Amino acid sequence: MTVQFSPEALAEAGQSMRSIKLPDAHPPVKAGKIGVLLVNLGTPDATSYWPMRRYLREFLSDKRVIEWPKALWYPILYGIVLITRPKKSGKAYDEIWNKELDESPLRTITRSQSDKLAEMMGDHGGRLKIDWAMRYGQPSIRSRLEALKADGCDRILVFPLYPQYSASTTATVNDEVCRALLEMRWQPAIRTVPPYHDDPAYIEALSQSVERHLAGLDFEPDVILTSYHGIPQSYFKKGDPYHCHCMKTTRLMRERLGMSKEKLRVTFQSRFGPEEWLQPYTDKTVEALAKDGVKNIAVMNPGFVADCLETLEEIAGEAGEIFHENGGGEFTHIPCLNDSDLGMAVLEQVVQRELSGWL
C-alpha cells in the first residue's frame, strides 16, 4: 500500500521535527533556523599602507589564487609585492572609495544585497537569517558562520557570488567554509550554490541591463565587450571550467540580444605576474579597437555581481583612458547588476531554488 502525505502535513511535520523540546532544567539551545551567507571576494578596511598590506597578504597567500610553490612565490610576495603594491593599490582604491561610509563600494553593495534579499524573502517566522561575508578581509566567512550557528541556524546555504566557477574564486570560498567547520563541534548542515553562468534569470537580467543602459545613451556602441576577470592559462589547462563558463554566458547573451560575435565580444582583464593569462586581453583589445577606427564602445563585467576596483577603476577608468588616448570616441561602462531590481531578482531566484526542501 502506498501512503501519501499532503504538502501541508509534511510542512507541519517538518516544523515539529525542527523544534527541540528540552527538559525544564536544560540550558537553552538555539536551533531549527536556516541561514543564507552571501560571500564576495573581499575588501581592505582602508586605503592606507598597512590595511592594504593585510588584505593583499591574505589574498595573495591563498594557494588557490597563486598556485606557484611557496618556495618560489613567498620570496617574491614578501620581498617585493607586499612592499611595493600596497601603496599602488591604495591609490587605486582611493579613487573609487565610498568616502561617505569610509568603505569600498564592494562592501557597500554586498551589504545592501544582503539587506534587500532579507527584505524580499522575509524571515519565515524568524526561521530564516540572511548574512554576508568576505573571503578576504572583514567580515570573515568564519565569523559569520559562527554567528549564524550561534543564532540557531543548523542549516546554512553558502552563496559564493561568482556566476562562473573557478578554483580561484568559488573553490576558495568552499575551502574556507570547510576550514571553519573543522573547528566546530556541532556543525550545521551546509549547502553551497553551484555556478549559475547559464541560468535563464541571470542571462535575462544581464541582457536587460544592456538594453536599459544603451537606451540612455546618445550614441550606439559599435562594439560591446564582456570583460571577465582572467585566470592564468595554466589553470585552464589543468581543467578549470572558468573559460567555458564565460564563453557560454556571452553566447547566451548574444542569442538573447540578437547580436553577432563581432558586436558582443569576450575579453579578459586583471592579469598579474609573468604567466600567460586567458586571452584576448581587455586593455589590448580596447587599444586595438581604437587604433582600428572603431569610434564607440561599451564594456560590461558579467562575472562580477557588484562593482568594485576591477570594474570601476580598471574598466570605467583605465580602459576608458586607453580608448580615448588611442583615438577612440565615445566610451561607456555598463554597471554590474549590483543591488538593482534586476540583480536582486537573480539572487532571490537562485536562493529560493537552492533552499528547496529546507524552506
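The model shown is predicted, which means the values in this text are computed figures rather than measured ones. (Residues numbered from 1 in each chain as written. Predicted model: local features only at pLDDT ≥ 70, side-chain atom pairs only at ≥ 80, totals over all residues. Heavy atoms only, no water.)

The next subject is empty space enclosed by the protein. Tallied over the full model, the rule gives one cavity of 30 Å³ or more. Lining the largest cavity are 19 residues, with Tyr202, Leu206, Phe304, Val305 and Leu337 sitting closest to its centre. Only helix 7 (200-215) and helix 12 (341-354) provide two or more residues apiece to the lining of the largest cavity. Grouping the amino acids of the lining of the largest cavity by side-chain chemistry returns 14 nonpolar, five polar and no charged. (1 Å grid on protein atoms, 1.4 Å probe; cavity = no way out; pocket = protein on both sides within 12 Å on 5 of 7 lines; lining within 4 Å. Points joined across faces, edges and corners; volume = space filled by probe spheres on them. Helix = DSSP H or I, 4+ residues; strand = E, 2+ residues; numbered from the N terminus. Nonpolar A, V, L, I, M, F, W, Y, C, P; charged D, E, K, R; others polar.)

In an α-helix, one full turn covers 3.6 residues, which means residues spaced three or four apart are oriented alike. Taking 1.5 Å per residue as the helical rise, helix 9 (residues 242-257) with its 16 residues ought to reach 22 Å, and the 23 Å between its terminal C-alpha atoms agrees with that figure. Looking at helix 9, one finds that the buried residues are Tyr242, His243, His245, Cys246, Thr249, Thr250, Leu252, Met253, Arg254 and Leu257. Residues of helix 9 that are buried make contact with helix 7, strand 5 (223-229), helix 8 (233-237), strand 6 (264-269) and strand 7 (296-300). Within two residues after helix 9, Gly258 carries a phi angle of roughly 70 degrees, on the positive side. (Expected span 1.5 Å × (residues − 1). Buried < 20%, exposed > 50% of the residue type's maximum accessible area, 1.4 Å probe, protein only. Contact = heavy atoms within 4.5 Å.)

Bringing the nonpolar core into the picture now. If you look at soluble globular proteins, the nonpolar side chains tend to sit buried side by side. Phe159 and Leu355 are the most contacted members of the largest nonpolar core, which totals 45 residues. Structurally, this core is a two-domain feature, drawing no fewer than three residues from each of domain 1 (33-195 + 341-355) and domain 2 (200-333). Discounting residues that sit within four places of it in the chain, Phe159 has contacts with Leu37, Leu38, Val39, Val193, Tyr196, Leu347, Val350 and Val351. Grouped together as the second largest cluster of nonpolar side chains are 32 residues, Leu56, Trp73, Val158 and Val177 included. (Core = buried A, V, L, I, M, F, W, Y, C linked by side-chain atoms within 4.5 Å. Domains from an automatic or database assignment.)

Turning to the UniProt feature "binding site: Fe(2+)" (unreviewed entry) in the chain, a few remarks are in order. Feature annotation in UniProt places "binding site: Fe(2+)" (unreviewed entry) on His229 and Glu310, given in this structure's numbering. Spanning 82 residues, the named residues nonetheless gather at one spot, since no C-alpha pair among them exceeds 8.1 Å. Contact partners of His229, with chain neighbours within four places excluded, come to Tyr242, Phe268, Gln269, Ser270, Trp277, Phe304 and Glu310. Summarising the element assignment, Glu310 is placed in helix 11 (residues 309-325). When residues no more than four places from it in sequence are discounted, the contact partners of Glu310 are His229, Gln269, Ser270, Phe304 and Ile315. (UniProt positions renumbered as here; feature names shortened; annotations may be inferred.)

The next subject is the sheet that holds strand 6. Think of a sheet as strands paired side by side through backbone hydrogen bonds, with each pair either parallel or antiparallel. Taken together, four strands build an open sheet; the order of strands is 6-5-7-8 and the sheet is parallel. If you trace the sheet from one side to the other, it starts and ends with strand 6 and strand 8 (330-334), each paired once. Shown here is a sheet whose adjacent strand axes are inclined to one another by a mean of 25 degrees, direction ignored. Here strand 5 runs beside strand 6; their pairing, made up of six bridges, is parallel. For Leu225, the partnering residue across the bridge sits in strand 6 and is Arg265. Together, strand 5, strand 7 and strand 8 form the strand contacts of helix 7, whose direction differs from that of strand 8 by roughly 140 degrees. (Pairing = 2+ DSSP bridges. Axes fitted to C-alpha atoms, helices over the stretch in contact; angles between N-to-C directions.)

This next bit is on the pairing of strand 8. Across the five residues that make up strand 8, a large majority, four, are buried. By the bridge criterion, five bridges tie strand 7 to strand 8 in an arrangement that is parallel. Paired with Asn296 across the strands is Glu330, a residue of strand 8. Running through helix 11, the crossover from strand 7 to the neighbouring parallel element strand 8 is right-handed. (Right-handed = clockwise from strand over helix to strand, strands pointing away.)

Here the focus is the sheet that holds strand 2 (residues 128-137). Pairing within the open sheet is parallel, and its four strands lie in the order 2-1-3-4. Only two strands of the sheet have a single partner each, and these edge strands are strand 2 and strand 4 (189-192). Adjacent strand axes in the sheet meet at a mean angle of 25 degrees when their direction is disregarded. Sheet analysis places strand 1 (residues 33-43) next to strand 3 (residues 153-160), joined by seven bridges and oriented parallel. Residue Val36 lies in a different strand from strand 3, and its bridge partner there is Leu157. In the packing of helix 4 (residues 105-121) onto the sheet, contacts are made with strand 1 and strand 2, and the angle to strand 2 comes to roughly 165 degrees. Against the sheet, helix 5 (residues 141-150) makes contact with strand 1, strand 2 and strand 3, and its axis sits at roughly 160 degrees relative to strand 2, the strand it touches most.

For the rest of this paragraph, the subject is helix 10 (residues 282-291). All of the buried residues in helix 10 are Thr282, Thr285, Val286, Leu289 and Ala290. Taken around the axis of helix 10, the buried residues stretch over an arc of 130 degrees, which confines them to a single face. At its buried positions, helix 10 is contacted by strand 5, strand 6, strand 7 and helix 11. (Arc of directions from axis to C-beta.)

Moving on to the packing of aromatic side chains. Taken as a whole and judged by the stated rule, the model has 11 aromatic pairs. Consider the rings of Trp68 and Trp73, whose centres lie 5.6 Å apart with planes at 90 degrees: the pair is edge-to-face. Since its relative accessible area comes to 23%, Trp68 is described here as partly exposed. Put simply, the rings of Tyr55, Phe59 and Tyr136 touch in pairs and so form one group of aromatic residues. (Phe/Tyr/Trp six-rings, centres within 6.5 Å; stacked < 30°, edge-to-face > 60°.)

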